[in-house]
Amino acid sequence: METTERNHIIYAIGEGVVSPLGFTASTVYEAVRNGERAGRAHDGTFGLPEPFFASLLDEARLKNAFSALWDYGCDGYTKLEMAAILAANQAFEEANIAPDRDNVIFILSTTKGNVELLENNPYEPERLYLWHTAQMLADFFNNPNTPIVVNNACISGCAAQIEAFRQLRHAGYRYAVVVGADMLSKFIISGFQSFKALSPELCKPFDVSRRGLNLGEGAAALVYTIDDPGTELPAGTIVAEGEAICNDANHISGPSRTGEGLLRAIQKATKGYDTSRTAFINAHGTATPYNDDMESIAIHRAGLQDIPTNSLKGYFGHTLGAAGILEVILSAHALRDGIALASAGTEEPGTAADIHICLETKPVQGNSFLKLISGFGGSNAVLRFSITK
């Protein structure tokens, strides 16, 4: 594509979700509004000796949905590939654009890809590689461009959206589809168990008695486009207004305890912005003692402690590479409805710094929201979105 630089308006025109709570964005949003939680106790799953709580996709339902889309059935596709394709297809159908055009770029967000194939791989050796997963996704939709992979721990989904904005502004593309997907396996669960990071019960983000996170499976997709400044958009359109990534290089397994990297990302993403417009903050909120304390400190240091803040992890767990995309989609639905969603599982907030945690779904004022996310290696990202009236 021709290299250009465009400081134009970027907004979402299509979305797709595959989750244990439903197979469309609207059904998952309604489930969350109704307080449904997909987390379940698993004992012996993946051959692990230690039980755990997680949100797993119904594989039979996934295969049925994929077979309805693809006449040749599910043979030759992994669980992750099927979910990613289904989410992307929903997003393209809503966007009403052809994915095989040369002005469309695919961006895949995943933290683990098909890592379960390390144990048993019935496919070609390249099937393990993230670039191969992204290429399969693009090839399924006959897209001619080389796809991009973003693999940056927990912030991957938000980092992939930031990469989409850059591709739209600087690389000449008209459309960017961001797809996030991760599935669970023995490798992933045992890794988090080794960190002692998993909760022995349903997670409680920001709660005084939180004991760790729950993991979850899922895929989510957003189609973004770019247009001229001043373009009149339909009411309810989600517009990307600000973004930032800051890596504080604190530690291989976590960001700075003082929230320094996240604070700087918040400051960069909100520079020149009237924070009174903020309806709510959708935090990372993993329900680990460390993460929730760090986020609370960063939010408080940024002067945003009075803004309603929630975590969506209590509904479907930490969906890894899909989290930053899935949670933006659900937050956008809530912003359209003028509400902040409750933090499921939170009963008594208790973090290092006092912030305004949503204990129930409630009406809010403002036409924008902030999405915060942090991860291994000291990575932090913040996205700012508004909604058109």
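Heads up: the structure comes first, above all this text.
In this text the structure is predicted, and so the values were computed from the model without any measurement.

Colleague: Looking at this model, I keep getting lost on helix α1 (residues 25–33). Mind explaining?
Modeller: The α-helix winds at 3.6 residues per turn, so residues separated by three or four positions along the chain end up facing the same way. Among all positions in α1, only Ala25, Val28, Tyr29, Ala31 and Val32 are buried. Relative to the axis of α1, the buried residues are bounded by an arc of 160 degrees and lie together on one face. Those residues of α1 that are buried lie in contact with β1 (9–18), α3 (79–95), α9 (313–316), α10 (323–337) and β12 (339–340). Downstream of α1 by one or two residues, Gly35 has phi in the positive range, about 80 degrees.

Colleague: Help me understand the side chain of Asp227, please; the structure alone is not making it clear to me.
Modeller: Here Asp227 lies in strand β8 (residues 218–227). Reaching out from Asp227, the side chain makes a polar contact with the side chain of Tyr11 at a distance of 3.0 Å. Discounting residues that sit within four places of it in the chain, Asp227 has contacts with His8, Ile9, Tyr11 and Arg174.

Colleague: What is the right way to look at the sheet that holds strand β3 (residues 52–55) in this model?
Modeller: The pairing of strands in a sheet happens through backbone hydrogen bonds and is either parallel or antiparallel. Strand order across the open sheet formed by 3 strands is β2-β3-β7, with mixed pairing between neighbours. Of all strands in the sheet, those with a lone pairing partner are β2 (40–42) and β7 (215–216), marking the two edges. Where β2 and β3 come together, 3 bridges link them in antiparallel fashion. Following the sheet pairing, Ala41 is matched in β3 by Phe53.

Colleague: Quick question: what am I supposed to make of the packing of aromatic side chains here?
Modeller: Ring pairs (aromatic) are described by centroid distance and by the angle formed between their planes. Across all of its chains, the model carries 17 aromatic pairs by this definition. Over the ring of Phe23 we find Arg61, and its NZ or CZ is 4.3 Å from the ring centre. Here the guanidinium or amino end of Arg127 rests over the ring plane of Tyr123, the centre of that ring lying 4.2 Å away.

Colleague: I keep staring at the nonpolar core and nothing clicks. Help me out?
Modeller: Inside soluble globular proteins, nonpolar side chains tend to come together where they are buried. Judged by nonpolar contacts, the single largest core of 57 residues is most densely connected at Tyr224 and Phe385. Val18, Leu62, Ala87 and Tyr175 belong to the second largest nonpolar core, which has 36 residues in total.

Colleague: It is not clear to me how the sheet that holds β8 should be interpreted in this structure. Could you clarify?
Modeller: In spatial order, the strands read β5-β4-β6-β8-β1-β9-β15-β14-β10-β11; together these 10 strands make up an open sheet with mixed pairing. The sheet is open, and its two borders are formed by β5 (148–150) and β11 (309–310), each paired with just one other strand. With 2 bridges joining them, β1 and strand β9 (residues 238–247) adopt antiparallel strand pairing. If you follow Ile10 over to β9, its bridge partner there is Ala240.

Colleague: Hey, could you run me through the packing of helix α7 (residues 260–269) against helix α8 (residues 289–301) in this one?
Modeller: Relative orientation and spacing of two packed helices are given, respectively, by the angle between their axes and the distance between those axes. Where α7 meets α8, the closest approach of the two axes is 8 Å, and the angle between their N-to-C directions is 40 degrees. Relative to α8, the element α7 lies oblique. Where α7 crosses over α8, the two elements pack in a sense that is right-handed. Here α7 contributes Glu260, Leu262, Leu263 and Ile266 to the contact with α8, which in turn contributes Met294, Glu295, Ala298 and Arg301. For the contact of α7 with α8, the residue count by class is 5 nonpolar, no polar and 3 charged.

Colleague: What should I look at first to understand the packing of helix α5 (residues 156–170) against α10 in this one?
Modeller: Interhelical geometry of α5 versus α10 gives an angle of 80 degrees and a closest axis separation of 5 Å. Between α5 and α10, the crossing angle belongs to the class labelled roughly perpendicular. On the side of α5, the interface is formed by Gly157, Cys158 and Gln161, while α10 contributes Gly324, Ile325 and Val328. Here the contact of α5 with α10 is composed, by residue class, of 3 nonpolar, 3 polar and no charged.

Colleague: Where do I start with the pairing of β1 in this structure?
Modeller: Within a regular strand, the side chains alternate between the two sheet faces. In terms of burial, β1 is a largely internal element, 8 of the 10 residues being buried. Of the strand pairs in this sheet, β1 and β8 are connected by 9 bridges, and their pairing is antiparallel. Note on β8: the bridge partner recorded for Gly14 is Val223.

Colleague: Would you take a moment to explain the pattern of salt bridges for this structure?
Modeller: Any two side chains of opposite charge can pair, so long as their charged atoms come close to each other. For the structure shown, the criterion picks out 15 salt bridges. The closest approach of N and O atoms between Arg33 and Asp337, which form a salt bridge, is 3.3 Å. Residue Arg33 is located in helix α1, and its partner Asp337 is located in helix α10; the two are separated by 304 residues in the primary sequence. Classification of Arg33 by relative accessible area gives partly exposed; the value is 37%. By relative accessible area, Asp337 is classed as partly exposed at 41%. A salt bridge links Asp227 to Arg174; its shortest N-O distance comes to 3.6 Å. Of the two residues, Asp227 sits in strand β8 while Arg174 sits in the loop between α5 and β6 (175–182), which places them 53 residues apart along the sequence. Looking at Asp227, the relative accessible area reads 18%, which means it is buried. Each member of the salt-bridge network shares a partner with another, and the members are Glu81, Glu124 and Arg127.

Here is what the cut-offs are and how they apply
Residues numbered from 1 in each chain as written. Predicted model: local features only at pLDDT ≥ 70, side-chain atom pairs only at ≥ 80, totals over all residues. Heavy atoms only, no water. Buried < 20%, exposed > 50% of the residue type's maximum accessible area, 1.4 Å probe, protein only. Helix = DSSP H or I, 4+ residues; strand = E, 2+ residues; numbered from the N terminus. Arc of directions from axis to C-beta. Contact = heavy atoms within 4.5 Å. Polar contact = N/O pair within 3.5 Å; in protein donor to acceptor, adjacent residues only side chain to side chain. Pairing = 2+ DSSP bridges. Phe/Tyr/Trp six-rings, centres within 6.5 Å; stacked < 30°, edge-to-face > 60°. Lys NZ or Arg CZ within 6 Å of the ring centre and 35° of its normal. Core = buried A, V, L, I, M, F, W, Y, C linked by side-chain atoms within 4.5 Å. Axes fitted to C-alpha atoms, helices over the stretch in contact; angles between N-to-C directions. Parallel < 35°, antiparallel > 145°, perpendicular 65-115°, else oblique. Left-handed = near helix turned anticlockwise from the far one by under 90°. Nonpolar A, V, L, I, M, F, W, Y, C, P; charged D, E, K, R; others polar. Salt bridge = Lys/Arg side-chain N within 4 Å of Asp/Glu carboxyl O.

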